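Geometric and topological summary
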Amino acid sequence: MRTPIFAVLGVLGLLLGCPSPPSTPDRPEPMKEALVLDGWPGPLRPVLDPREGVVVDLRAEPRKDLAPTAKCVLPPHGPVSWSRSRVRVERQGVLRAKSDVSLSSTPISSLEGLRPAHVAGFGPDLALKSGEGRVMAARFGGRCLLREGSGWQAADCSKSRVEVLHEPEQGWWLEVGCSTGEGWFEVDETAFEIEHYLD
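Counting starts from 1 at the beginning of each chain's written sequence and moves along it residue by residue. With pLDDT at 70 or above as the cut-off, local features in this predicted model cover only qualifying residues; side-chain atom pairs require 80 or more to be listed or tallied, and sums for whole chains, interfaces and linings still use all residues. Side-chain calculation: all heavy atoms of the structure are included, whereas hydrogens and water are not.

This brings us to the sheet that holds strand E14 (residues 169–178). Spatially, the four strands line up as an open sheet ordered E1-E5-E14-E15, and their pairing is antiparallel. At either margin of the open sheet sits one strand with a lone partner, and together these are strand E1 (35–38) and strand E15 (181–186). Each adjacent strand pair in this sheet contributes to an overall mean axis angle of 25°, direction not counted. Only strands joined by at least two bridges in the DSSP assignment are considered to pair. Under the DSSP-based scheme used, a helix requires at least four consecutive residues in state H or I and a strand at least two consecutive residues in state E, with every element numbered from the N terminus. Looking at chain direction, E1 and strand E5 (residues 82–91) are connected through four bridges and run antiparallel. Looking at E5, one finds that Asp38 is bridged to Arg86. A fitted line through C-alpha atoms represents every axis, and for helices the fit uses only the stretch in contact; the resulting angles, taken between N-to-C directions, go from 0 to 180 degrees.

Below, the structure is given as structure tokens:
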């Protein structure tokens, strides 16, 4: 019985210690408990100006599964006055390097208590081989939160350097007060002009 040549080559590769090609992790399953981060997706503190009069549903917490408690009209041509901002992640994503890259990044030991200011610094670059991937917890503070060993890296993830295979399923929520009540609404970024300023 003849042995297929590719099987022989595979065994030889193992014996000779040929390196395995870079791998990309599978996309994680939806989270049993959502990850809620204190901050915003983009860089610096956001200022939102409604493009037109925007009506939003307010909820007691930043959660889609809660019934609205009130509606709030956000008038155009004036920044939205908000008190708190949260990013809520229901499912993490995956990205991979387009080529051998070194991404500017900041090491993070835990996502608990994370704030945008914590991801703004620079540490050792995160080196990825072409085709190598990482689990991406969220887009937060203008960076991508990537799994690295037992911790995380807040890394630059510009489109020219990495390919996002699966975006994190996340929502951006703001807490506002209106004449009809107070509550949280999920930001539809197409309905606002958004700029970012130093906090």
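On to the confidence of the model for the protein chain, then. For every residue, the predictor states its confidence as a pLDDT score lying anywhere from 0 to 100. Here the protein chain averages 88 in pLDDT, and 89% of its residues register 70 or above. The contact rule is simple, with two residues in contact once any of their heavy atoms fall within 4.5 Å. Segment residues 6–16: pLDDT under 50, and two contacts once partners within four positions in sequence are set aside and those in other chains are kept.

Positive phi, normally seen in glycine, also occurs at Leu44, with a value near 60°. With a phi angle near 60°, His77 is a residue other than glycine that sits in the positive phi range. Mapped onto the elements of the fold, His77 is located in the loop between strand E4 (70–74) and E5.

With that settled, consider the packing of aromatic side chains. Any two of the Phe, Tyr and Trp rings considered here, Trp counted by its six-membered ring, make a pair once their centres fall within 6.5 Å; the pair's planes then place it as stacked at under 30 degrees, edge-to-face at over 60, or tilted in between. Evaluation of the coordinates by the stated rule reveals two aromatic pairs. Ring centres of Trp40 and Trp82 lie 6.1 Å apart, and the angle between their planes is 70°; this geometry places the pair in the edge-to-face category. With Trp40 in the loop between E1 and strand E2 (45–50) and Trp82 in strand E5, the pair connects residues that are 42 residues apart, well separated along the chain. Like Trp40, the residue Trp82 is buried in the burial classification. Burial here depends on accessible area, computed with a 1.4 Å probe over protein chains only, as a share of the maximum for the residue type. Under 20% is buried, over 50% is exposed, and the range in between is partly exposed.

By convention a nonpolar core is built from buried Ala, Val, Leu, Ile, Met, Phe, Trp, Tyr and Cys residues, the set being connected through side-chain atoms within 4.5 Å. In this structure, Leu48, Leu74, Phe185 and Phe192 are the most contacted members of the largest nonpolar core, which totals 17 residues. Those elements that provide at least two residues to this core are strand E3 (54–58), E4 and E14. Apart from residues no more than four positions distant in its own chain, Phe185 is found in contact with Val56, Asp57, Leu58, Leu74, Trp172, Trp173, Leu174, Val176 and Phe192. In terms of nonpolar packing, the next biggest core, distinct from the first, is built from 14 residues, Leu37, Leu114, Ala137 and Trp152 among them.

Right, let's get into the pattern of salt bridges. Between Lys or Arg on one side and Asp or Glu on the other, a salt bridge is scored when a side-chain nitrogen of the former is within 4 Å of a carboxyl oxygen of the latter. This structure, assessed with the given rule, holds 15 salt bridges. Between Lys71 and Asp57 there is a salt bridge whose closest N-O contact spans 2.6 Å. Highlighted residues: Lys71 in strand E4 and Asp57 in strand E3, separated in sequence by 14 residues. Assessed through its relative accessible area of 29%, Asp57 is described here as partly exposed. Each of Asp38, Arg86 and Arg115 takes part in salt bridges that share partners, so that together they form one network.

Pairing is antiparallel in the open sheet, where six strands are placed in the order E8-E12-E11-E10-E6-E13. Both outer strands of the open sheet, strand E8 (105–108) and strand E13 (162–166), are each paired with one neighbouring strand and no more. Adjacent strand axes in the sheet meet at a mean angle of 35° when their direction is disregarded. Where strand E10 (residues 133–140) meets strand E11 (residues 143–148), four bridges bridge the pair, whose relative direction is antiparallel. Bridge assignment links Phe140 to a residue of E11, and that residue is Arg143.

Another aspect to go through is the state of the cysteines. Disulfides are defined as pairs of cysteine sulfur atoms found within 2.5 Å of each other. In this structure the tally under the stated criterion is two disulfides. Shown here is the disulfide that connects Cys144 with Cys157, its sulfur atoms set 2.0 Å apart. Measuring the twist about the S-S bond at about 70°, one finds the Cys144-Cys157 disulfide to be right-handed. Here Cys144 is found in strand E11, whereas its partner Cys157 is found in the loop between strand E12 (151–155) and E13, with 13 residues between them in sequence. Neither residue differs from the other here; Cys144 and Cys157 are each classed as buried. Regarding the disulfides, the protein chain carries the connectivity 1-4, 2-3 under sequence-order numbering of its bonded cysteines.

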